[in-house]
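# What the coordinates show
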Number of protein chains: 2
Amino acid sequence: MAENKDRHESEPTAALRESSLRVTKQRVAVLAAVCDHQHADTETVIRAVREILPEVSHQAVYDSLHTLTEVGLVRCIQPSGSVARYERRIGDNHHHLVCRSCNLIVDVDCAVGQAPCLTPSHDAGFVIEQAEVTFWGLCPDCAVSAASSGSTEPASAV
Amino acid sequence: MAENKDRHESEPTAALRESSLRVTKQRVAVLAAVCDHQHADTETVIRAVREILPEVSHQAVYDSLHTLTEVGLVRCIQPSGSVARYERRIGDNHHHLVCRSCNLIVDVDCAVGQAPCLTPSHDAGFVIEQAEVTFWGLCPDCAVSAASSGSTEPASAV
DNA sequence: TTCGCTTCCTTGACTCATTCAAGAAAAGGC
DNA sequence: GCCTTTTCTTGAATGAGTCAAGGAAGCGAA
């Protein structure tokens, strides 16, 4: 228990200090929760944090997530039709596969090296900072279900 | 006025019929509004529709937008942190430039021909149907403001 | 043109993620 | 340990979007 907690706290604590943020147990817990639950939505983060700090307010979690996003310790992604989701993997240029059926999100490395699709055919005069690529489709499980049920609809069971 | 209205109604009407949808004045007006206001959010569409049909309900606009999206007459996009936005240009494989400062959205053609970034380095077993690419940056106006104010912050004036 | 079935629209209430605001509590430099 | 500043708690509010029921309109057939 204790060693588990220590393992979780040491890295987030160091990360907070490196970013010149005050180290509060709420922030440490939020950062650890995002580490443990990749692509978690805010509600999942709140539940995870409350396993360690039962009395934490949802506002503290929202504030922490915003602050951590601002300094770049976590990244916020929001596929169409989804609430905000957070991930700890940052800095590398990776993108996301999203399952249309079960909403599973999976990381994928960039297809074309470091700066993948960072070159639109015509940039309309924009100064481009970042390319965000989302692949929509069916995850392996849902694809199998759809195939075995003989249609592209997600299968209910069997 | 009248000819303007006719010009707007004839194309949407035909499009609705081709998609086997009932032609209602609400749907015609919604489709025309999306044509006239590329990347409009729902509120903008409602306002535009009410210039023609002052009594239209917001629910009718929501329903129409959903139906039109379902049959593929319009496309719904939702950049992170933005509400749903709709566009009439569909079928081609184009992507979007979004200005971080003023939220302007501009279409860009696909960088790599027809199926641009449709090949992630590792597909994790997903059956991929579509790649959605969003380029984040600064539009020409905001880039100029930022440069002339000597920082990357959006300039307030001057 | 009228009839009748089906789909669509209006009305009004509701959900839920997210934000706002004010005061209490905690972090961290001295 | 003290004091200032930042952060957290509490509680209410906002706003995009959804749900549900009944009335209205589209459109194919007669």
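It should be noted that the structure appears before, not after, this text.
What comes next is a walk through the structure. (Residues numbered from 1 in each chain as written. Chains lettered and ligands numbered in written order. Predicted model: local features only at pLDDT ≥ 70, side-chain atom pairs only at ≥ 80, totals over all residues. Heavy atoms only, no water.)

Mapped onto the elements, threonine 134 of chain A comes out in strand 6 (residues 127-138). Take threonine 134 of chain A: its relative accessible area is 12%, and that puts it in the buried class. When sequence neighbours within four positions are dropped, the list of residues in contact with threonine 134 of chain A reads His96 and Val98 of chain A together with Gln130, Ala131 and Glu132 of chain B. (Helix = DSSP H or I, 4+ residues; strand = E, 2+ residues; numbered from the N terminus. Buried < 20%, exposed > 50% of the residue type's maximum accessible area, 1.4 Å probe, protein only. Contact = heavy atoms within 4.5 Å.)

What follows deals with the layout of surface pockets. Of the volumes computed, that of the largest pocket is approximately 540 Å³. Along its surface, the largest pocket is lined by 19 residues, and Cys76 and Gln130 of chain A together with Ser80, Arg100 and Trp136 of chain B are the ones closest to its centre. Counting residues per element, the ones that place at least two in the lining of the largest pocket are helix 4 (58-71), strand 2 (75-77) and strand 6 of chain A. With 3 residues, strand 2 of chain A is the largest single contributor of residues to the lining of the largest pocket. Residue composition of the lining of the largest pocket, by class: 7 nonpolar, 7 polar and 5 charged. (1 Å grid on protein atoms, 1.4 Å probe; cavity = no way out; pocket = protein on both sides within 12 Å on 5 of 7 lines; lining within 4 Å. Points joined across faces, edges and corners; volume = space filled by probe spheres on them. Nonpolar A, V, L, I, M, F, W, Y, C, P; charged D, E, K, R; others polar.)

Val23, Gln59 and His66 of chain A together with Arg27 and Ser57 of chain B are the nearest of the 19 residues found near DNA strand C. Among all atoms of DNA strand C positioned within 4 Å of the protein, those belonging to sugar or phosphate total 66%. At a separation of 2.5 Å, a phosphate oxygen of DNA strand C approaches a polar side-chain atom of arginine 27 of chain B. Take serine 57 of chain B: an N or O atom from its side chain is 2.6 Å from a phosphate oxygen of DNA strand C. Put simply, the parts of the chain that give the surface near DNA strand C at least two residues each are helix 4 of chain A together with helix 2 (25-36) and helix 4 (58-71) of chain B. (Near = heavy atom within 4 Å. Polar contact = N/O pair within 3.5 Å; in protein donor to acceptor, adjacent residues only side chain to side chain.)

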